[in-house]
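# Observations on the three-dimensional arrangement
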Amino acid sequence: MKNEEQAIEAKFQDLIETCRQRNIVSKQDEVDIYRAFTIARNAHQGSLRKSGEPYIFHPLAVAKIAVKEVGLGPIAVICALLHDVVEDTDITLDQLSATFGSRVAKIVDGVTKITAVTRLTEKQAEGLETDLPAETSSLQAENYRKILLAMCDDVYVIFLKLCDRLHNMRTLGSMLETKRLAIASETQYLYIPLAHRLGLYKIKTELEDLVMKYTNPSQYADIEKKIKQASELAPKLEECFFQPIKHALDAEGYHYAIKTRIKSVYSCYKKMQNKGVVFDEIYDFFAMRIILDVKQENEKEECFKVYATVSKLFKPNPSRFRDWITTPKNNGYESLHTTVMSPIGRWVEVQIRSQRMDEIAEKGMAAHFLYKEAHPEEKIEGNPVEEWLQQLRTTLENSSKNALDLVEEFKETLTMRNIFVFTPKGETVVLPAHATVLDFAYAIHSHVGNTCMGAKVNSQVVPIQHTLHSGDQVQIITSRTTRPSEQWLKIAITTKAKEYIKDQLRVQKRQHEANGKRKLTEIFAKLHRTNDASTRGQCLRYFNLRSTLDLYYKVDIGGLGELDFKQAFGLAKKSPHMLFLEPYRNVFEANEAKQGQTIDPLAETTIFSQIDAKKDCKSDEELEKQLKADMMWESKEHPFPFLLEKEYEHIETHPASCCKPVQGDDVIGFLENGEIEVHRSNCPIAMHKMSIHKERIIRTRWRLGEKVTFLTGIAVTGFDRKGLLQEMTGIISNEMNLNMRAITLEASEGVARGIIMLYVHDLDGCNRLIQRLKDIDGIEEAKRI
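Quick look at the structure, then. (Residues numbered from 1 in each chain as written. Predicted model: local features only at pLDDT ≥ 70, side-chain atom pairs only at ≥ 80, totals over all residues. Heavy atoms only, no water.)

Strand order in the open sheet formed by five strands is 1-2-5-4-3, with mixed pairing between adjacent strands. In this open sheet, the two edge strands, each paired with only one partner strand, are strand 1 (256-262) and strand 3 (322-323). Looking at chain direction, strand 1 and strand 2 (residues 286-292) are connected through seven bridges and run antiparallel. Residue Ile258 lies in a different strand from strand 2, and its bridge partner there is Ile290. Along the sheet face, helix 13 (residues 234-251) touches strand 1, strand 2, strand 4 (336-341) and strand 5 (347-354) and points at about 25 degrees away from the line of strand 2. Sheet strands in contact with helix 15 (residues 299-313) are strand 2, strand 3, strand 4 and strand 5, and its direction is about 155 degrees off that of strand 5. (Pairing = 2+ DSSP bridges. Helix = DSSP H or I, 4+ residues; strand = E, 2+ residues; numbered from the N terminus. Contact = heavy atoms within 4.5 Å. Axes fitted to C-alpha atoms, helices over the stretch in contact; angles between N-to-C directions.)

This is the structure in structure tokens:
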């Protein structure tokens, strides 16, 4: 016990010393921090984390991250120390408010509201009564909504949640596997985009690496090993690259600092996936940052001078120049980026910025808040934080959205880049990338948007769905007879435009409400149903409509008739459909859309004809079962090669068609529609589902020694030559003795691209095949899809 108390005291002293080094605390601040620490230590006395450590270690670690890695001040330290006491102990918000003031209590309350939903989730899972609405599509989405609402009041809430999440991810190894995957998926879904939007790049990078470590451990270890090997070149770079630049800057009299970095594991993985390159072809694996000590009014000029100096020493890659000083990113990031060739034959990215720019780059939006708190008397125009929060408040004011839609819409705003377009008078309008003429019209005024029929872009007449680009000059053309339609919601991408369109559509739909209600009542009467909330709710779910108003509108305009409602109540059968073809079609269409190519009709016919040859079923349900058997495996001993927890063994289990797991993949089960879908643990679709419904995650393992075959796909890219197809099929059929389901290969301008659908026994076999295909002369890339 004595050693434990000493360890706790040592960690607290380390926190105080970190605050003093950053010169952010006064004597009174230290008194308040010690008081918060004492309350937290006493409140958590006897509580342990899953790792076996005293629980107080966690708030101390979160507080240190807030100071050292985000750059927050004493209020954040106090709130970090207290962030779990209201949720986990008997201490009340009133007590915190009386001791530390209303702001501290409000921030802690914001964080507490977020974690409190977890208990509500558990209660509802156990069938207990909760305060959450019954129609909530996802309790986890309600959790996220609370994060956003609390963040609107004080952005320190989300700063602290990011610090809290970072420490939880660093200590994730002590959790159960299902819990690890749930937390990692949550992190990928919301916290990483938030860290990016707030400009907290160090935290974002570490979170990305940690998520990959737990969701894709084998690939993480492989890239980590390659990074370690490549890092051995760092001393050579220091001698022949970094030193010459330092000598040149010294000769020109600059005051500066130099930082170097090596690309992270996840960044390397993402670059390899997105660009289709191997590890050795990553241009910006090594990076050098030059931070200039210059006055703000001279920043741009001095940064470009240094760029010229570097370009004289080493040859730059013209396609790799980025000027984020003239046009900063939407989170305030400013810097010059260039990539130059080093004397050892490796490309090196050089970033040039001022101390002010580096502070924003390192701390993101937190830097704006710290400056604002340090200089409350100054009025800061165009603060990107305040502008973003104001947009968020506007979005949250629409209470008609369910939590899931609200969070999905918010997530879209986190990842959008900006473009800059101009009005006829030369005024600048900032819009997200891929914005349309319709988005521009609503950005000008709601009336302009509601009556927009097209525009002149750079003097050329274009329709409302025309996509705008930076530098375009736009003149909107309006008409009195133009009115918004449902189709406009597919054209607009900005939240502002969509909200105005939905408002107008609601006005239009209300004009049909009375008549639609009368018609619906008549239809229900014919079907011996009553027009009550329960019956309408059944119809809303069946037709996937959001509100009763939408239902009345559809009925009045003829979109839904008596036959539709008979089908909804099970009084008539649905029309036949061809759903069983979609998994195959999606594989090919997704790949070809990515490559910008057209599918070979003969190849497609071959695939679908093989499916059709096996069908001897009559109903849709039997057809779908046949498809699952076709798509998954052929087993001689067991119907499923998975081991599940005992309470789930009776549930039908099948592999997901989105990621097609094969034996040897890290897998996880997900309970949906009464069945368990087994996904690869790093499957993006699975991670999205787990982040929203973490209570449905099922621990899953492969059944060892099972003799099964799995249908998987391999995409190949290479240079076209005679005999290429024959060589590939020879390796697959003759050398590796694997059965092919289908193969398509087509060439355009000397480049061959193809997809092979075949049966494999396990991951090792799949990887061996991929390696053998890569060994073929002319094949540049082969990867699993």
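The next point concerns unusual backbone geometry. Look at Asn23: it is not a glycine, yet its phi comes out positive at around 55 degrees. Topologically, Asn23 is positioned in the loop between helix 1 (2-21) and helix 2 (27-43). Of note, Ser459 is a non-glycine position whose phi angle comes to about 75 degrees, a positive value. In this fold, Ser459 is placed in the loop between strand 8 (452-457) and strand 9 (460-462).

Our next topic: a positive patch on the surface. Together, Lys270, Lys275, Arg322 and Arg417 make up a region of like positive charge exposed at the surface. Tracing the chain through its elements places Arg322 in strand 3. (Patch = residues over 30% accessible without salt bridge, like charges linked within 9 Å, V, L, I, M, F, W, Y side chains within 5 Å. Areas by Shrake-Rupley, 256 points an atom, 1.4 Å probe, with all protein chains shown as cover. Salt bridge = Lys/Arg side-chain N within 4 Å of Asp/Glu carboxyl O. Lys, Arg positive; Asp, Glu negative; His and termini not counted. Charge placed at Lys NZ, Arg CZ, Asp CG, Glu CD.)

Next up on the list: the pairing of strand 19 (residues 751-760). Strand 19 sits mainly inside the fold: eight of its 10 residues count as buried. Alignment of strand 17 (residues 710-719) against strand 19, held across 10 bridges, turns out to be antiparallel. Bridge assignment links Phe719 to a residue of strand 19, and that residue is Val751. What sits between strand 18 (residues 740-748) and strand 19 in their antiparallel hairpin is a turn of two residues, with Glu749 showing a positive phi close to 55 degrees. (Buried < 20%, exposed > 50% of the residue type's maximum accessible area, 1.4 Å probe, protein only.)

Let's shift gears to the environment of Gln487. Positionally, Gln487 belongs in the loop between strand 10 (474-478) and helix 22 (488-491). A residue is classified by how much of its surface remains accessible, and Gln487, at 45% relative accessible area, is partly exposed. Sequence-wise, Gln487 and Ile501 are 14 residues apart; in three dimensions their C-alpha atoms are separated by 10.0 Å.

Next up on the list: the packing of aromatic side chains. Under the criterion given, the structure shown has 17 aromatic pairs. Their ring planes at 75 degrees and their centres at 6.1 Å tell us that Tyr156 and Phe159 sit as a pair that is edge-to-face. Of this pair, Tyr156 and Phe159 both sit in helix 9 (residues 156-170), three residues apart, roughly one helical turn. Among the aromatic residues, those joined into a ring-pair cluster are Phe524, Tyr542, Phe543, Phe565 and Phe569. Stacked on the ring of Phe57, the Lys or Arg Lys11 has its end atom at 5.0 Å from the ring centre. Across from the ring centre of Tyr156, 4.7 Å away, lies the NZ or CZ of Arg103, which sits over that ring. (Phe/Tyr/Trp six-rings, centres within 6.5 Å; stacked < 30°, edge-to-face > 60°. Lys NZ or Arg CZ within 6 Å of the ring centre and 35° of its normal.)

The interhelical angle for the contact between helix 31 (residues 724-735) and helix 32 (residues 763-774), taken along N-to-C directions, is 145 degrees, at an axis separation of 10 Å. Here helix 31 runs over helix 32; the crossing is right-handed. Mapping the contact onto sequence places Met728, Ile731, Ile732 and Glu735 in helix 31 and Leu769, Arg772 and Leu773 in helix 32. Classifying every residue of the contact of helix 31 with helix 32 gives five nonpolar, no polar and two charged. (Left-handed = near helix turned anticlockwise from the far one by under 90°. Nonpolar A, V, L, I, M, F, W, Y, C, P; charged D, E, K, R; others polar.)

It is worth spelling out the pattern of salt bridges at this point. One pass over the structure, following the stated rule, counts 36 salt bridges. For the salt bridge of Glu486 with Lys509, the shortest nitrogen-to-oxygen distance reads 3.0 Å. Residue Glu486 is found in the loop between strand 10 and helix 22, and its partner Lys509 is found in helix 23 (residues 495-526); the two are separated by 23 residues along the sequence. The partly exposed category is assigned to Glu486, whose relative accessible area is 38%. Linking Asp665 and Arg784 is a salt bridge whose minimum nitrogen-to-oxygen distance equals 2.6 Å. Highlighted residues: Asp665 in the loop between strand 12 (653-655) and strand 13 (667-672) and Arg784 in strand 20 (residues 779-784), separated in sequence by 119 residues.

So, about the packing of helix 9 against helix 10 (residues 177-197). How two helices pack is summed up by the angle between their axes together with the distance between the axes. Where helix 9 meets helix 10, the closest approach of the two axes is 11 Å, and the angle between their N-to-C directions is 140 degrees. In terms of orientation, helix 9 lies oblique with respect to helix 10. Seen from above, helix 9 lies across helix 10 with left-handed handedness. Taking contact as the criterion, the partners of Ile158, Lys161, Leu162, Arg165 and Met169 in helix 9 are, on helix 10, Ile183, Ala184, Glu186, Thr187, Tyr191, Leu194 and Ala195. (Parallel < 35°, antiparallel > 145°, perpendicular 65-115°, else oblique.)

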